[in-house]
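Below, each chain spelled out in residue letters.
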Amino acid sequence: MPRHVLVPLDGSPQALHTVRFVADEWPDARVTLLHVIDPVQAGYRAGVLPTGSEDWYQEAKADAEEILAEGRDLLASERESDGAAVAVETVTEVGRPAATIVEQARDRDADHVAVGSHGRRGVSRLLLGSVAEHVARRSPVPVTIVR
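Q: Where do I start with the overall build of the protein in this structure?
A: Scanning the protein from terminus to terminus reveals 6 helices and 5 strands. The helix and strand sequence of the protein, counted from the amino end, reads β-α-β-α-α-β-α-β-α-α-β. A burial count over the protein gives 41% of its 147 residues as buried. Within the protein, contacts between residues at least 6 apart in sequence are counted, and of these 78% link residues at least 24 apart. Element-wise, carbon and sulfur atoms account for 49% of the exposed surface of the protein, whose accessible area totals about 8,400 Å².

Structure representation (C-alpha cells):
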C-alpha cells in the first residue's frame with residue numbers, strides 16, 4: 001500500500017476522477033497534488049509584447065491555484081466522508097508535463113503516481129501524445145492510470 005501518492009492535476013474531469021480514486025483506494029496515504037504549467041501553451045501570445053510572457057505566467061499561476069484548490073477540497077471531502085485525516089500538499093511547477101511529473105515523483109520521494117488519462121486513441125494520441133503513457137514508461141515508482 002502506497003504511503004505517498006503523487007497526483008498530477010490538469011483541471012480535467014479525468015484528473016478529478018483520479019483524486020476520488022486515490023481517496024477511495026489509499027485513504028491513509030499522504031498525497032501531493034501537482035499542477036505543471038506548460039510554457040508551450042503560451043504559444044506566440046507570450047512573445048508579442050515584452051510583458052506578455054509575465055502576464056501569461058501570472059494567469060497560468062492563478063489557474064494552477066484554482067485547479068489545486070479544487071483537487072484539495074475534493075480530496076478533503078472524500079476523505080472526511082470516510083473519517084480519514086487529510087494529509088495533502090499542493091505543488092506548482094513549470095515544464096513539460098510528463099517529464100516534470102516523473103521528476104517530481106523522484107524528487108518528492110513519492111512511492112506511487114496516480115494519473116488520469118484522457119483516453120485518446122489513434123491520430124489524436126499521436127499528435128497530442130500521452131502524458132500518462134510517458135509517465136508510466138519513465139516513472140521510478142509504480143503508476144496507476146485512471147480512466
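Q: Honestly, the nonpolar core in this entry has me stumped. Any pointers?
A: Soluble globular proteins: nonpolar side chains tend toward being buried together. Core analysis: the biggest nonpolar cluster contains 17 residues, and V5, V7, L9, V19, V22 and L33 have the highest contact counts within it. Those elements that place two or more of their residues in this core are β1 (4-8), α1 (13-25), β2 (30-37) and α3 (52-82). Looking at which element gives the most residues to this core, the answer is α1, with 5 residues. Apart from the residues within four sequence positions on either side, L9 is in contact with A15, V19, L33, L34, H35, I67, L68 and G71. Counting 12 residues, the second-largest nonpolar core is a separate cluster that includes L34, A98, A110 and V135.

Q: How should I be thinking about the packing of aromatic side chains in this particular structure?
A: Aromatic ring pairs are defined here through the distance separating the ring centres and the angle between the ring planes. Applying the stated criterion to the full structure yields 1 aromatic pair. Ring geometry for F21 against W26: centres 5.7 Å apart, planes inclined by 85°, an arrangement best described as edge-to-face. A residue is classified by how much of its surface remains accessible, and F21, at 26% relative accessible area, is partly exposed.

Q: Looking at this structure, I do not really get the sheet that holds β2. What am I missing?
A: Strand pairing in a sheet relies on backbone hydrogen bonds, with the paired strands running either antiparallel or parallel. Strand order in the open sheet formed by 5 strands is β3-β2-β1-β4-β5, and the pairing between neighbours is parallel. Lying at the two open borders of the sheet, with one neighbouring strand each, are β3 (88-94) and β5 (143-146). If you compare each strand with its neighbour and ignore which way they point, the axes differ by 20° on average. In the sheet, β2 pairs with β3 via 7 bridges, with the strands oriented parallel. Counted as the bridge partner of V36 is E93 from β3. Against the sheet, helix α4 (residues 97-107) contacts β1, β2, β3 and β4 (112-116), and its axis sits at roughly 150° relative to β2.

Q: Help me understand α1, please; the structure alone is not making it clear to me.
A: The periodicity of an α-helix, 3.6 residues per turn, causes residues three or four positions apart to be oriented the same way. When the terminal C-alpha atoms of α1 are compared, their 18 Å separation across 13 residues agrees well with the 18 Å that a helix rising 1.5 Å per residue should span. Among the residues of α1, A15, L16, T18, V19, V22 and A23 are the ones counted as buried. Buried residues of α1, seen end-on, are gathered within an arc of 150° and therefore sit on one face of the element.

Q: I tried to follow the side chain of H35 on my own but got confused; where do I start?
A: Position of H35 relative to the elements: it lies in strand β2. The exposure class of H35 is buried, given its relative accessible area of 10%. Here L9 takes part through its backbone oxygen, which lies 2.8 Å from a polar atom of the side chain of H35. If near-sequence neighbours (up to four positions away) are discounted, H35 is found in contact with L9, D10, A64, I67, L68, V91, T92 and E93.

Conventions adopted
Residues numbered from 1 in each chain as written. Predicted model: local features only at pLDDT ≥ 70, side-chain atom pairs only at ≥ 80, totals over all residues. Heavy atoms only, no water. Helix = DSSP H or I, 4+ residues; strand = E, 2+ residues; numbered from the N terminus. Buried < 20%, exposed > 50% of the residue type's maximum accessible area, 1.4 Å probe, protein only. Contact = heavy atoms within 4.5 Å. Areas by Shrake-Rupley, 256 points an atom, 1.4 Å probe, with all protein chains shown as cover. Core = buried A, V, L, I, M, F, W, Y, C linked by side-chain atoms within 4.5 Å. Phe/Tyr/Trp six-rings, centres within 6.5 Å; stacked < 30°, edge-to-face > 60°. Pairing = 2+ DSSP bridges. Axes fitted to C-alpha atoms, helices over the stretch in contact; angles between N-to-C directions. Expected span 1.5 Å × (residues − 1). Arc of directions from axis to C-beta. Polar contact = N/O pair within 3.5 Å; in protein donor to acceptor, adjacent residues only side chain to side chain.

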